[in-house]
Amino acid sequence: MSEKAYSKGSSCPPGQVKLRLYSMRFCPYSERVRLVLAHKDIDYDTININLYSKPEWYLEKNERGAVPTVEQPDGRLVYDSVVASEYLDDFFMQNRLTPDDPYDKACGKLLLEKFGKVQSAQYKAGFGSKGQDKGAIQEMWVALDYIESQLKGNFFGGDNIKMADLMMWPWFERLSPTMELTNEKFPMDRFPKLQAWVERMHEQPAVKKAALDPCIHVEYSRAHFAGNPDVDHGL
């Protein structure tokens with residue numbers, strides 16, 4: 001199935017026989033679900049959506065018009081990146097990502113709540129200001145101070161990769177492009193544990209399978225800044 005995005009006026013692809021992910025290649029929230037699917041080695045089809053010109057039929061599947069959305073062959077739909085990721089982890093039991101201990105599970109969710117400050121600051125520093133908001137960069141470093149303090153082992157789940165690692169990764173994948181777009185440098189001395197974690201994450205099969213090249217992120221972002229975003233860039 002083509003990775004080219006479906007736009008307004010298109011028809012919904014027929015003949016669904018396996019799990020579908022409605023996605024957008026440059027969306028970090030969609031990447032969360034792609035990472036989970038890759039980690040659990042789930043067979044699925046990707047239907048990319050042009051978020052700048054959404055097909056009418058997609059709004060019937062997700063009235064928000066947002067991505068990601070997961071659709072089972074029987075028509076059941078689940079959306080929101082965290083909800084869909086947890087659903088997939090529960091539905092497909094192999095390579096579990098959710099901690100068995102209720103306290104550890106709660107701590108992972110609280111960490112993601114705190115990580116929201118990183119997400120918002122990174123957005124302001126990049127897309128929200130076209131790379132001009134230097135104050136947002138400082139906000140991001142302050143927010144990352146807390147995330148650094150919570151990394152106790154090789155991963156946020158300890159010795160093994162867990163859901164929190166995959167839910168945060170898309171923003172770390174975009175950190176290098178954000179630095180290039182803002183002419184800033186990542187302060188490695190300030191975040192030694194996160195720097196080592198990033199290096200370990202780059203070696204994870206799921207990350208290798210789901211990630212985009214940083215240069216592609218930069219080129220897409222610059223086109224977005226110029227008002228000409230190409231959701232199929234790099235295909």
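To be clear, the structure that these remarks concern was listed above.
No experiment lies behind these values; they were computed from the predicted model shown. (Residues numbered from 1 in each chain as written. Predicted model: local features only at pLDDT ≥ 70, side-chain atom pairs only at ≥ 80, totals over all residues. Heavy atoms only, no water.)

Novice: For this particular structure, what's the right way to read the overall build of the chain?
Specialist: On a plain count of helices and strands, the chain comes out with 10 helices and four strands. Put simply, the chain runs from its N terminus to its C terminus through helices and strands in the order β-α-β-α-β-β-α-α-α-α-α-α-α-α. Dimensions of the chain, computed from the C-alpha atoms along their principal axes, are close to 50 × 45 × 30 Å. When burial is assessed residue by residue, the chain has 46% of its 235 residues classed as buried. Expressed as a percentage of contacts within the chain between residues at least 6 apart in sequence, the contacts between residues at least 24 apart total 71%. Looking at the chain as shown, the accessible area adds up to about 11,600 Å², and 51% of this sits on carbon and sulfur atoms. Taken as two groups, the 30 positive and 34 negative side-chain charges of the chain have centres that lie 2 Å from each other. (Helix = DSSP H or I, 4+ residues; strand = E, 2+ residues; numbered from the N terminus. Buried < 20%, exposed > 50% of the residue type's maximum accessible area, 1.4 Å probe, protein only. Contact = heavy atoms within 4.5 Å. Areas by Shrake-Rupley, 256 points an atom, 1.4 Å probe, with all protein chains shown as cover. Lys, Arg positive; Asp, Glu negative; His and termini not counted. Charge placed at Lys NZ, Arg CZ, Asp CG, Glu CD.)

Novice: Explain the pairing of strand β1 (residues 20-23) here, please?
Specialist: Moving residue by residue along a regular strand, the side chains alternate between the two faces of the sheet. Burial along β1 is two-sided: Arg-20 and Tyr-22 facing one way and Leu-21 and Ser-23 facing the other are all buried. Strand direction decides the pairing type here: β1 and strand β2 (residues 45-48), joined by four bridges, are parallel. Looking across to β2, one finds that Ser-23 is bridged to Asn-48. The parallel pair β1 and β2 is bridged by helix α1 (residues 28-39), and the resulting crossover is right-handed. Note that β1 and strand β3 (residues 69-71) share three bridges and pair antiparallel. Bridge pairing in β3 places Arg-20 opposite Glu-71. (Pairing = 2+ DSSP bridges. Right-handed = clockwise from strand over helix to strand, strands pointing away.)

Novice: What am I meant to see in the sheet that holds β1 here?
Specialist: Strand pairing in a sheet is mediated by backbone hydrogen bonds. Such pairs are either parallel or antiparallel. Sheet architecture is open: four strands sit in the order β2-β1-β3-β4, paired in mixed fashion. Unpaired on one side and paired on the other, β2 and β4 (77-79) mark the two borders of the sheet. Taking each pair of neighbouring strands and ignoring which way they run, the sheet shows an average axis angle of 20 degrees. The sheet strands contacting α1 are β1 and β3, and the helix crosses β1 at an angle near 155 degrees. (Axes fitted to C-alpha atoms, helices over the stretch in contact; angles between N-to-C directions.)

Novice: How should the nonpolar core be read in this particular structure?
Specialist: Nonpolar side chains in soluble globular proteins tend to end up buried together. Membership of the largest hydrophobic core comes to 48 residues, with the highest contact counts inside it found for Leu-144, Phe-172 and Trp-197. For this core, the elements supplying multiple residues, two or more each, are α1, α3 (81-91), α4 (102-125), α5 (134-149), α6 (163-173), α7 (175-182), α8 (192-202) and α9 (205-210). The biggest single contributor to this core is α6, with eight residues. When sequence neighbours within four positions are dropped, the list of residues in contact with Phe-172 reads Phe-115, Leu-144, Leu-194, Trp-197 and Val-198. Membership of the second largest hydrophobic core comes to 13 residues, among which are Tyr-22, Met-24, Phe-26 and Ile-49. (Core = buried A, V, L, I, M, F, W, Y, C linked by side-chain atoms within 4.5 Å.)

Worth remembering: the numbers are spatial, not functional.
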